[in-house]
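# Structural overview
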Amino acid sequence: MYKNLVLAFLSILFLTQNSYAKVPLAGDPAPNFSLTSVDGKKITLSDLKGKVVLVGMFHICVPCMKQALEFNKVKKQLSSEKLTILGINTNGDSKASVMDYLNGFPENLKFSYLLDPDQSVHKNYSQRDMPTVLVIDSEGVIQARVPWVGADQLVKFLKKFL
C-alpha cells in the first residue's frame, strides 16, 4: 500500500511539474495567435514583429476592466508607433457579451480588443491570473508576465524596449 501511495504522489508531482513547464514566461518566445477584434479586424501576433506588444488577457470582470483602463493611460502616455496594445477576451465569451461588457466601461478603449472564441490564447499561454499582462518585445520574446499592474509601472518598463 505504501508503494502505491508513493507512486500516486510521484505521478501527481510529475504531472504538476509538467503543466508548469509549459507556461510561457519571461525570456520565452511568445506563442503566435491570430484573432479578430470586436470591430472585425484580424490581428496576428507574428505580423507585429518589430513592435513592442502589450497584451492584456481578460475575462468579463471588474479587475480586467480596471486593467484595461490602465492600458488607456499607457496609450495616452506612450503614443509610439513602435507600441501595440491589445486586449483579449480569453474566456471565449460571445461578441454580444463582450460588447455589453465594454459598453459598461466609463470610457472607450483606445486599443484593439480581440475575441478568442476557442480560448486558444488562454490554452497556449496557460492563463491563471485575471487579468494577465504580457510585454512582448520587438523580437517576439516575452519580457514580462504579471497579474494586474498600474500604468506608471508599465510606462516605465515599456520605455526600455521602445
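Keep in mind that this is a model prediction, so the values were computed, not measured.

## Quick notes on unusual backbone geometry
The omega torsion across methionine 130 and proline 131 is -10 degrees, close enough to zero to call that bond cis. Looking at where proline 131 falls in the secondary structure, it is placed in the loop between helix 4 (120-124) and strand 6 (132-136). Its identity as a non-glycine residue notwithstanding, glutamine 119 has a phi of 60 degrees, on the positive side. With respect to the helices and strands, the residue glutamine 119 is situated in the loop between strand 5 (112-115) and helix 4. In this structure, serine 126 takes a positive phi of about 50 degrees despite not being glycine. Secondary-structure assignment places serine 126 in the loop between helix 4 and strand 6.

## Describing the environment of leucine 102
Mapping leucine 102 onto the fold places it in helix 3 (residues 95-103). In this structure leucine 102 comes out as buried when scored by relative accessible area, which is 14%. For the pair leucine 102 and tyrosine 113, spaced 11 residues apart in the sequence, the C-alpha separation amounts to 9.3 Å. Those residues within four positions of leucine 102 in sequence are excluded, and the remaining contacts are Val38, Leu109 and Tyr113.

## What about the pairing of strand 6?
When you tally the buried positions in strand 6, you get five out of five residues, the bulk of the element. Pairing of strand 3 (residues 52-58) with strand 6, which is carried by five bridges, proceeds in the antiparallel orientation. Within strand 6, the position partnered with valine 55 by the bridge is leucine 134. Bridge analysis of strand 6 against strand 7 (residues 142-146) gives four bridges, and the strand direction is antiparallel. Each bridged residue has a counterpart across the sheet, and for isoleucine 136 the counterpart in strand 7 is isoleucine 142. In this structure, the hairpin formed by strand 6 and strand 7 is closed by a connection of five residues, where glycine 140 is found at a positive phi of approximately 85 degrees.

## Some details on the packing of helix 2 (residues 62-77) against helix 5 (residues 151-158)
For the pair helix 2 and helix 5, interaxial distance at closest approach is 9 Å and the crossing angle is 45 degrees. It follows that helix 2 is oblique to helix 5 by the angle criterion. Between helix 2 and helix 5 lies a crossing whose hand is right-handed. Between helix 2 and helix 5, the residues in contact are Gln67, Glu70, Phe71, Lys73, Val74 and Gln77 and Ala151, Asp152, Leu154, Val155 and Leu158, respectively. Broken down by class, the residue content of the contact of helix 2 with helix 5 amounts to six nonpolar, two polar and three charged.

## Concerning the packing of aromatic side chains
Counted under the stated rule, the structure contains five aromatic pairs. Judged by centre distance (5.8 Å) and plane angle (50 degrees), the ring pair of phenylalanine 58 and phenylalanine 71 falls under tilted. Here phenylalanine 71 lies in helix 2 and phenylalanine 58 lies in strand 3, a separation of 13 residues in the sequence. The pair phenylalanine 58 / phenylalanine 71 is uniform in exposure class, with both members buried. By way of ring pairs, the aromatic residues Phe58, Phe71, Phe111 and Tyr113 are connected into one cluster.

What counts and how
- Residues numbered from 1 in each chain as written.
- Predicted model: local features only at pLDDT ≥ 70, side-chain atom pairs only at ≥ 80, totals over all residues.
- Heavy atoms only, no water.
- Helix = DSSP H or I, 4+ residues; strand = E, 2+ residues; numbered from the N terminus.
- Buried < 20%, exposed > 50% of the residue type's maximum accessible area, 1.4 Å probe, protein only.
- Contact = heavy atoms within 4.5 Å.
- Pairing = 2+ DSSP bridges.
- Axes fitted to C-alpha atoms, helices over the stretch in contact; angles between N-to-C directions.
- Parallel < 35°, antiparallel > 145°, perpendicular 65-115°, else oblique.
- Left-handed = near helix turned anticlockwise from the far one by under 90°.
- Nonpolar A, V, L, I, M, F, W, Y, C, P; charged D, E, K, R; others polar.
- Phe/Tyr/Trp six-rings, centres within 6.5 Å; stacked < 30°, edge-to-face > 60°.

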